[in-house]
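# What the coordinates show
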Amino acid sequence: MDKSMLGDLDSLPEEDKHRMSAMIDQLQIRDSLRMYNSLVERCFNDCVDSFKHKSLQKQEETCVRRCAEKFLKHSMRVGMRFAELNQGAATQD
């Protein structure tokens, strides 16, 4: 976890800081799992249209790979944009 997130919590007792840190870690894990599940569901629904074979067909595999790459690139871009906006807001204060 990024310790700078706890910078405003210096006035809290040590026990509360640890509790807040653990809570933030849990939220980050939950968000990561939510993003992963969303990726799997979206790419599966978009790319897999037949259950005739035990494994993915070549075109399904290619589709899933492209879908995952697009999803991750989009997520990274959105994260970078939020960081830019956050940094801009911090410099205005």
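Our structure is the block above this text.
Below: a short report on this structure. Along each chain, residues carry numbers from 1 onward, in the same order as the chain's sequence is written. For this predicted model, a pLDDT threshold of at least 70 governs which residues receive local features, and a threshold of 80 or more governs which side-chain atom pairs are given and counted, while totals over whole chains, interfaces and linings are taken from all residues. Each side-chain value is worked out from all heavy atoms of the structure, with water and hydrogens disregarded.

### Points about helix α1 (residues 14-47)
We apply this condition: For the purposes of this entry, the term helix denotes a DSSP run of H or I that reaches at least four residues, the term strand denotes a run of E that reaches at least two, and both are numbered from the N terminus. Take the residue count of a helix, subtract one, and multiply by 1.5 Å to get its expected span. Exposed residues in this analysis have more than 50% of their type's maximum accessible area, buried residues have under 20%, and partly exposed residues fall in between, with area computed by a 1.4 Å probe over protein chains only. The contact rule is simple, with two residues in contact once any of their heavy atoms fall within 4.5 Å.
Here α1 contains 34 residues, and its C-alpha end-to-end distance of 49 Å stays within 8% of the 50 Å for a straight helix at 1.5 Å per residue. Among the residues of α1, those classed as buried are Lys-17, Ser-21, Ile-24, Leu-39, Cys-43 and Cys-47. Turning to α1, the residues buried within the fold contact α2 (58-92).

### Overview of the pattern of salt bridges
Stated formally: By convention in these notes, a salt bridge is any Lys or Arg side-chain nitrogen within 4 Å of a carboxyl oxygen on Asp or Glu.
This model, assessed by the stated rule, comprises seven salt bridges. With a shortest N-O distance of 3.4 Å, Arg-30 and Asp-31 are connected by a salt bridge. Note on Arg-30: relative accessible area 41%, which makes it partly exposed.

### What to know about a nonpolar patch on the surface
Our working rule: A residue counts toward a patch only above 30% relative accessible area and without a salt bridge, and it is joined to like-charged neighbours within 9 Å or, for Val, Leu, Ile, Met, Phe, Trp and Tyr, to nonpolar neighbours within 5 Å. Every accessible area reported is derived by Shrake-Rupley at a probe size of 1.4 Å, with residue values counting cover from the shown protein chains alone.
A contiguous nonpolar patch, built from Val-78, Phe-82 and Leu-85 and spanning about 280 Å² of accessible area, is present on the exposed surface. Here Phe-82 lies in helix α2.

### Structural notes on the nonpolar core
Just so we agree on the cut-off: Definition used in this section: a nonpolar core is a set of buried Ala, Val, Leu, Ile, Met, Phe, Trp, Tyr and Cys residues joined via side-chain atoms within 4.5 Å.
Leu-39, Cys-43, Cys-47, Cys-67, Ala-68 and Phe-71 form the largest nonpolar core, which has six residues in total. Going through the elements one at a time, α1 and α2 are the ones with two or more residues in this core. Aside from chain neighbours lying at most four places away, what touches Ala-68 is Leu-39 and Cys-43.

### Brief notes about the state of the cysteines
The line we're drawing: The criterion for a disulfide is a pair of cysteine sulfur atoms lying within 2.5 Å.
Tallied over the full model, the rule gives two disulfides. Disulfide pairing is shown between Cys-43 and Cys-67; the S-S distance is 2.1 Å. Across the S-S bond linking Cys-43 and Cys-67, the dihedral sits near -90 degrees, which makes this disulfide left-handed. With Cys-43 in helix α1 and Cys-67 in helix α2, this residue pair connects regions lying 24 residues apart in the sequence. Cys-43 sits in the buried class, given a relative accessible area of 4%. When its relative accessible area of 12% is taken as the criterion, Cys-67 is described as buried. One disulfide bridge connects Cys-47 with Cys-63, the sulfur atoms lying 2.1 Å from each other.

### A look at the packing of α1 against α2
We count it as follows: Here the axes come from fitting lines to C-alpha atoms, over the contacting stretch only for helices, and the angles between their N-to-C directions go from 0 to 180 degrees. Each helix crossing is assigned a hand: it is left-handed if the near helix lies turned anticlockwise from the far helix by less than a right angle, otherwise right-handed if that turn is clockwise. Under this grouping Gly is polar, as are all residues other than the nonpolar Ala, Val, Leu, Ile, Met, Phe, Trp, Tyr, Cys and Pro and the charged Asp, Glu, Lys and Arg.
With their axes 9 Å apart at the nearest point, α1 and α2 run at an angle of 140 degrees to one another. With respect to the hand of their crossing, α1 and α2 are arranged in right-handed fashion. Contact residues: Met-35, Ser-38, Leu-39, Arg-42, Cys-43, Asp-46 and Cys-47 in α1; Glu-60, Cys-63, Val-64, Cys-67, Ala-68, Phe-71, Leu-72 and Ser-75 in α2. Of the residues contributing to the contact of α1 with α2, the split by class is 10 nonpolar, two polar and three charged.

### Some details on the environment of Leu-56
Position of Leu-56 relative to the elements: it lies in the loop between α1 and α2. Residue classification places Leu-56 among the partly exposed positions, given a relative accessible area of 39%. Once residues within four sequence positions are removed from consideration, Leu-56 is found in contact with Val-48, Glu-61 and Val-64.

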